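# Commentary on secondary and tertiary structure
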Amino acid sequence: MKTKYSTLSRSRTYIVVPRDVPPENFLSVPETQKERKTGLVRCVLIPVLVLLVIAGLLSGLGYLVHGYHSHQETDKWRGREEHGQDDPAAAYEYTELVVDQNTTLYLRTPVPSPCSSSPCLGGGSCESHDGTFTCYCGVGRWGQFCEKVVKRSHRGQLVAQFSGQSYVKLRSVATAGPRTSIRVQMRTSSKDGVILFSSLDSDQNSGNLSLSLVGGHVQFRYHLGEDHLVLQSPYQVTLGSWHNLVLQTYHGDAMLRLDTQEPVLGSLQGGKLAGLGSEVVIGGVDQSARFMGFRGCLKHLKFGHRAVSLVSDVEPLLIEESGVGECVSKVLS
């Protein structure tokens, strides 16, 4: 007799048994599953890729936020440069106008600015503040209204050359409001040297403010009592080429910019910058041997809007000059 067989499917495994065998004689076979081996790619590489993507997204977001705030700060300083002063609310006069017993109107009329009459002569710029104004004179003029003309000496090109031992000592210029602005063009032959130095003295503290070249980088240093601030441009100067240097402070904020590069910004934590002292030394620190003086040419110096000559012996702000020469014409481009 030919035995008939049937098949049972279990866990995708086929068992062949005779058809006439009773079910109670079947052996119990546990269900088996195919073991899946997880490779290194799925265990390690995929989670690492996911973490890298998340880190990249967070970095991009941080860069955008930082860029936004940097542009906001830069625009704030550019606005101060363009307007030359803060943007306080305009002054107005109010005239009361009674319409009836229940209605009173107030007529607002702008108060003319003290600078509206253009009181500064010879192309000088006017800045209004505290109900009055200050004139900032151009090169060759001085006086309250820039009405006085400076008689130029034989060194009339107004470009000074410093040897590292020479300097010019000037009286500081009082500025309107809590800010300081210094501009100068320089052509250096050395990567190190003091460009500007001013001693700061208050009732209880002493300190100084300086602009220097350190390893080819322009550096601003401020120290007064417990307040310290250092700004350094990431860009190096090119020896033998002219560079534009701008330093501005406002309350506790400071900005340093070289040429058209992005400005370097910094702030005192909870403090205010005192600005320039009563005297400013250009090109060195008097006759002190502790600091290396500037070697090269300086021109177009401005304190605020006030142009200052470094070679004229009739400069109104001049206190003392030592060893300053004049740049030759071929380097004045």
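Remember, it's a predicted structure, so these values are computed and weren't measured experimentally.

### Focus: the environment of L209
Along the chain, L209 falls in strand 13 (residues 206-214). Residue classification places L209 among the buried residues on the basis of a relative accessible area of 3%. Sequence separation between L209 and L276 is 67 residues; the distance between their C-alpha atoms is 7.1 Å.

### Some words on the pattern of salt bridges
Applying the stated rule across the entire model yields three salt bridges. Close ionic contact of E320 with K169 constitutes a salt bridge, the shortest N to O distance being 3.8 Å. Here E320 is found in strand 22 (residues 318-322), whereas its partner K169 is found in strand 10 (residues 167-171), with 151 residues between them in sequence. Given the relative accessible area of 33%, E320 is considered partly exposed. For E315, the salt bridge identified is with R306, shortest N-O distance 3.3 Å. Assigned by exposure class, E315 and R306 land together as buried.

### A closer look at the confidence of the model for the protein
Taken as a whole, the protein shows an average pLDDT of 78; of its residues, 70% reach a score of 70 or greater. Of all secondary-structure elements in the protein, the lowest mean pLDDT belongs to strand 1 (residues 5-10), at 49, while strand 17 (residues 253-258) reaches the highest, 94. Here residues 82-89 is a poorly scored stretch, pLDDT under 50, and it has nine contacts once near neighbours within four places are set aside; other chains count. Note on residues 329-333: pLDDT is under 50 here. Beyond four places in sequence and across chains, it has eleven contacts.

The rules behind the values
Residues numbered from 1 in each chain as written. Predicted model: local features only at pLDDT ≥ 70, side-chain atom pairs only at ≥ 80, totals over all residues. Heavy atoms only, no water. Helix = DSSP H or I, 4+ residues; strand = E, 2+ residues; numbered from the N terminus. Buried < 20%, exposed > 50% of the residue type's maximum accessible area, 1.4 Å probe, protein only. Salt bridge = Lys/Arg side-chain N within 4 Å of Asp/Glu carboxyl O. pLDDT = per-residue confidence, 0-100. Contact = heavy atoms within 4.5 Å.

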